[in-house]
Amino acid sequence: MAVITVPDGHAHDDGPDQLYVETRELRLQGFLLFLVSDVVLFCSFIFAYLYLRNSGQGWPPAGISRLDVAFAAFNSMVLFGSGCTMHYALENWKHSNFSKYVGCMVATIVLGLMFLGGQGYEYTTLMLKDHVTWGGSGIFGASFFTLTGMHGFHVAVGVIYLSILLLQSVHGTYTKDKYFGLTAGTLYWHFVDVIWVVLFSIFYLI
Amino acid sequence: MATATVHAGGIADHVHPEPQGFVRKYIFSIDHKIIGIQYLITGFVFLVLAGLLAEVIRVQLMHANGGFVSADTYNEVYSIHGSAMVWLVIIPLATGAFGNFVFPLQIGARDVAFPWLNMVSFWLFPPAGLLLFGSFLLGAPAAGWTEYPPMSLQGAPGTSMWCAAIFLVGISSTMTGLNFLVTLIKMRAPGMTFTRMPLFCWAQFATAPMSMIATTALAAALAALFMERQFGVPFFDPTKGGSPVLWQHMFWFYSHPAVYIMILPIFGIISEVFPTFSRKPIFGYKMIAFSSVSIALLSFMVWAHHMFTSGLAPFLQLPFMILTMLIAIPTGIKIFSWVATLWEGKIHYTTAMLFAIGFIATFTFGGITGVFLSAVPFDLHAHGTYFIVAHLHYVLVGGSLMGILSGVYYWYPKMTGRLMNDKLGHWTFWLFFIGFNGTFLPMHMLGLLGMPRRVATYDPQFQTWNQIESIFSFVMTFALLLFFANMLWSLRNGKKAGSNPWGARTLEWQLPSPPHYYNFKHIPTVFSTPYDFAEPLPYAGLEEELTDSPGPAPAVAH
């Protein structure tokens, strides 16, 4: 077949395969857009929370004490620490330091589980000691437990996801050049971190 | 992998082998063309069901005292009618059906970016429909398609099923939007720059991010309503500190963009039909393309114009009013461009063209009443009356549905290889057009006289006009039955279409009808926009598409 020259450049100059096979680039863009739509989900609930909080009933509503900032701050440090170990896990993978990669992944998973444990401790304290519950404490319980619960659910999914990635990479699913799953896992974990920065600020700091 | 041959543009002829079993080929298919047709059929099935509900409404309103169904049933009927028409008919047909079938062909791609995700998107849609119509068994939602609390909080158990149904179809819509967006950005054929894309692709390109972002916001609202109903978690109940207006904000932040999710793809269909049947380049290609994008952007900033009577702060009313009026500008640009395309064109009055011309008339009418309603003082007067019902049916039936019918007549030959009967099509159009206007035009007047919507009985002074409306609505229903009959009859008995019965210039018409499983034997190269009727076709590499030469060698499935 004759070679055709296109007058002003191609729409793409990526490698072959790209019109049918899901390449890394397609997946990356798809995954980023998935994260965007997930951000919108959180934004909607955050909007609902701020709307209800500013509806003139005072905050926290009468009969409910302020949340424990100190403990939550410690728990946040655990989560942000896991963001760092996740970053180093991917870097070590790229540089083929397999044992360091495994160490960082395990650390990330353990820190993620610690965060979930901390959240569980916080929930039980609130429910048993202060009698603040999801359905029974008005808009405070509704917004706090829904939003932090949604975030906790994302962390739990992340822990499972990272565990699967770890098993896959031990099995040899990924190579030095083809490791999109790990990139996606890292992106997801950082996304969960960033959401927590916002939630921590609007629930504990303001 | 070894069979790949790299040719112009550095793109390999890789193809998955075509599935052979019936189930993998037609039921759980990952082929965008089959999925598009699946959406089309499912959407039309729901159109029949929701249309029957509409006729229940019209029969009930034949008499001022009602009497056909009880007031409670009436509430359920119009709630499900509205919900089904929006979420199960117009949105899936406009994006799922035409989007899937047409635009990957038009950009010269072999499929969408994520074929498996596409299949999952489709298969969330029929269960959502079953849930929605199944809610009649438990007592259907009865607070209208908007389901405002506190009424929806007190609604029958079926209201929670409604939440689940809309949530499912919403996820489907989000995934489709994501899939289309990546496809349009990453998978265009060599030379197909953004400003060479057919306008239908631009319309999908503007719609996809809206389905992706706005629908997720609706998912949050639905989840909150579901949690409040099932677990008593207070978001919207004012007696527990919640706010019913919060629902309205969350709902309309989705549902206003949804209005454009329902109309932008239709603008795309019209922009293909007009140049083809006027044999003239489309007027103002770039203006039409960019106005789609600006409508999409504006649509996120106008939601509160649905809430002028809900106690919105006065300082917010003015900006929402002005932003809403601004939408008339890009929309007007489109209307003028289409009319200018017709101007001095060589017009072919095919059925698709008739529906497109009818669309211009009715949609413009509905658009203008929309500008009325954006004005706060007028909205305060007309809110909750039949004027709103008239307005929304002019844009959704006279706009979206007529555009969809036009699109079916236009692309049916590409989907099936046969033409629909044109004479029957002309009858369908005129009956539909007359029936439609006879049904909804008097509603403007009744609304201004103060007839409230969503009420099972009404003041006897409105009875004559209501009877006239009902009779015309039967004409419209009959026209739709003719349309379905034509679709089914032509499947076996229609004239053979050949590859390009309309003399159209976009890429899908340069392929056999129906196209091969892999769409293109060789990915073509594109040199220009498709609409210059005086010029030769701006594609290279299509020589073998209509010959008997074998298609690309299947590679190992990944």
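Here the structure is a predicted model, which is why all the values come from computation and not from measurement.

Caption draft 1: The overall build of chain A, seen in detail. Scanning chain A from terminus to terminus reveals five helices and zero strands. When its helices and strands are written in sequence order, chain A yields α-α-α-α-α. Counting across all 206 residues of chain A, residues that qualify as buried make up 31%. Considering only intrachain contacts with a sequence separation of at least 6, the fraction spanning at least 24 residues in chain A is 72%.

Caption draft 2: Representation of the overall build of chain B in the model. Scanning chain B from N- to C-terminus turns up 16 helices and four strands. In summary, chain B has a C-alpha radius of gyration of 24 Å against a globular reference of 24 Å for 558 residues, a match within 12%. By residue count, 57% of the 558 residues in chain B fall in the buried class. In chain B, 82% of the contacts between residues at least 6 apart in sequence involve partners at least 24 apart.

Caption draft 3: Spotlight on the packing of helix α2 (residues 32–60) of chain B against helix α16 (residues 463–493) of chain B. Residues and elements named next belong to chain B. Where α2 meets α16, the closest approach of the two axes is 10 Å, and the angle between their N-to-C directions is 165°. The orientation of α2 relative to α16 falls into the category roughly antiparallel. The chirality of how α2 crosses α16 is left-handed. Contact with α2, carried on its side by Phe44, Gly51, Glu55, Arg58 and Val59, involves Glu469, Ser470, Ser473, Thr477, Leu480 and Phe484 of α16 and no other residues of that element.

Caption draft 4: Expanded view of the packing of helix α1 (residues 24–53) of chain A against helix α7 (residues 199–231) of chain B. Packing of α1(A) against α7(B) leaves a shortest axis separation of 8 Å and a crossing angle of 45°. By the criterion of interaxial angle, the relationship of α1(A) to α7(B) is oblique. Of the two elements, α1(A) crosses α7(B), and the hand of that crossing is right-handed. Along the contact surface, α1(A) presents Leu33(A), Ser37(A), Val40(A), Leu41(A), Ser44(A), Phe45(A) and Ala48(A), while α7(B) presents Met212(B), Ile213(B), Thr216(B), Ala217(B), Ala219(B), Ala220(B), Ala221(B) and Ala224(B). In terms of residue class, the contact of α1(A) with α7(B) is made up of twelve nonpolar, three polar and no charged.

Caption draft 5: Here's a closer look at the environment of Phe101(B). Residue and element names in this part refer to chain B. Its location among the elements puts phenylalanine 101 in helix α3 (residues 71–106). A residue is classified by how many C-beta atoms lie within 10 Å of it, and phenylalanine 101, with 25 of them, is buried. Setting aside residues up to four positions removed in sequence, phenylalanine 101 forms contacts with Lys33, Gly36, Ile37, Trp411 and Met415.

Caption draft 6: Focus on helix α4 (residues 115–138) of chain B. Residue and element names in this part refer to chain B. With 24 residues, α4 extends 36 Å from end C-alpha to end C-alpha; this agrees with the ideal 34 Å at 1.5 Å per step. The sharpest bend along α4 measures roughly 25° and falls at leucine 132. Buried-residue contacts for α4 involve α2, α3 and α6 (158–186). Directly after α4, the chain includes glycine 139, whose backbone phi takes a positive value near 100°.

Caption draft 7: Here's a closer look at the nonpolar core. If you look at the biggest cluster of nonpolar residues, it comprises 214 residues, and the most contacted ones within it are Ile90(B) and Ala221(B). Those residues in contact with Ala221(B) that lie beyond four places of it in its chain are Ser44(A), Trp247(B), Met250(B) and Phe251(B).

Caption draft 8: Looking closely at the confidence of the model for chain A. Within chain A, residue pLDDT values average 88, and 89% of them lie at 70 or more. Within the model, pLDDT remains below 50 along residues 1–19 of chain A, and this stretch shows 37 contacts once partners closer than five positions in the same chain are excluded.

Caption draft 9: Expanded view of the confidence of the model for chain B. For chain B, per-residue confidence averages 92 on the pLDDT scale, and residues scoring 70 or more make up 96% of the total. Scored below 50 in pLDDT, residues 1–13 of chain B shows 35 contacts in the model against residues more than four places distant or in partner chains.

Caption draft 10: Structural view of helix α4 (residues 138–171) of chain A. The terminal C-alpha atoms of α4(A), which comprises 34 residues, lie 49 Å apart, in line with the 50 Å expected from a rise of 1.5 Å per residue. At the C-terminal side of α4(A), Gly172(A) shows a positive phi close to 90°.

Caption draft 11: Here's a closer look at unusual backbone geometry. Geometrically, the link from Trp59(A) to Pro60(A) is a cis peptide bond, its omega value of -10° lying close to zero. Here Pro60(A) shows up in the loop between α1 and α2 (69–94). Omega for the peptide link from Pro149(B) to Pro150(B) comes to 0°, which places this bond in the cis form. Mapped onto the elements of the fold, Pro150(B) is located in the loop between α4 and α5 (151–154). Not every positive phi belongs to a glycine, and Glu147(B) is a case in point at roughly 45°. Mapping Glu147(B) onto the fold places it in the loop between α4 and α5. Glu147(B) sits in the buried class, given 24 other C-beta atoms within 10 Å. Unusually for a residue other than glycine, Arg279(B) sits at a positive phi of about 50°.

Caption draft 12: Spotlight on the environment of Pro275(B). Residue and element names in this part refer to chain B. You can see proline 275 is positioned in helix α8 (residues 244–278). Using a count of 26 C-beta atoms within 10 Å as the deciding quantity, one classes proline 275 as buried. When the C-alpha positions of proline 275 and threonine 416 are compared, they lie 23 Å apart, and in sequence the two are 141 residues distant. Filtering out sequence-adjacent residues up to four positions away, proline 275 remains in contact with Lys280, Pro281, Ile282, Thr341 and Tyr531.

Caption draft 13: Examining the environment of Phe359(B) more closely. All names here are of chain B. Looking at the secondary structure, you find phenylalanine 359 in helix α12 (residues 351–374). By the C-beta count within 10 Å, which is 27 here, phenylalanine 359 ends up buried. Along the sequence, phenylalanine 359 and proline 157 sit 202 residues apart, while their C-alpha atoms lie 39 Å from each other. In this view, phenylalanine 359 contacts Ile270, Gly399, Met402, Gly403 and Ser406; residues no more than four positions away in its chain are not counted.

Rules of the game
Per chain, residue numbering runs from 1 following the sequence as it is written. Each chain gets a letter, beginning with A, and each ligand a number, beginning with 1, in the order they are written. Local features are withheld for residues below a pLDDT of 70 in this predicted model, meaning they are given only at 70 or higher, and side-chain atom pairs are given and counted only at 80 or more; totals for whole chains, interfaces and linings count all residues. By definition, any uninterrupted DSSP run of H or I lasting at least four residues is a helix, any uninterrupted run of E lasting at least two residues is a strand, and each is numbered from the N terminus. Exposure classes come from backbone-placed C-beta atoms, where a residue is buried if 20 or more other C-beta atoms lie within 10 Å of its own, exposed if 12 or fewer do, and partly exposed in between. Remark: residues whose backbone-derived C-beta atoms lie within 7 Å of one another are considered to be in contact. What the globule rule says is 2.2 Å times the number of residues to the power 0.38, and the radius of gyration is computed from C-alpha atoms. Every angle, taken between N-to-C directions, lies between 0 and 180 degrees, and every axis is a line fitted to C-alpha atoms, over only the stretch in contact when it is a helix. Any angle between 65 and 115 degrees counts as roughly perpendicular, while under 35 counts as roughly parallel, over 145 as roughly antiparallel, and the rest as oblique. Crossing chirality is assigned from the near helix's rotation relative to the far helix, an anticlockwise turn below a right angle marking it left-handed and a clockwise turn marking it right-handed. All residues other than Ala, Val, Leu, Ile, Met, Phe, Trp, Tyr, Cys, Pro, Asp, Glu, Lys and Arg, Gly among them, are scored as polar; the first ten of these are nonpolar and the last four charged. To estimate how far a helix should extend, the number of its residues minus one is multiplied by 1.5 Å. The quantity called bend is, for any residue, the angle between two axes fitted respectively to the seven residues ending at it and the seven beginning at it. Note on definitions: a nonpolar core is a set of buried residues drawn from Ala, Val, Leu, Ile, Met, Phe, Trp, Tyr and Cys, linked by C-beta atoms within 7 Å. Confidence scores here are pLDDT values: one per residue, from the predictor, ranging 0 to 100.

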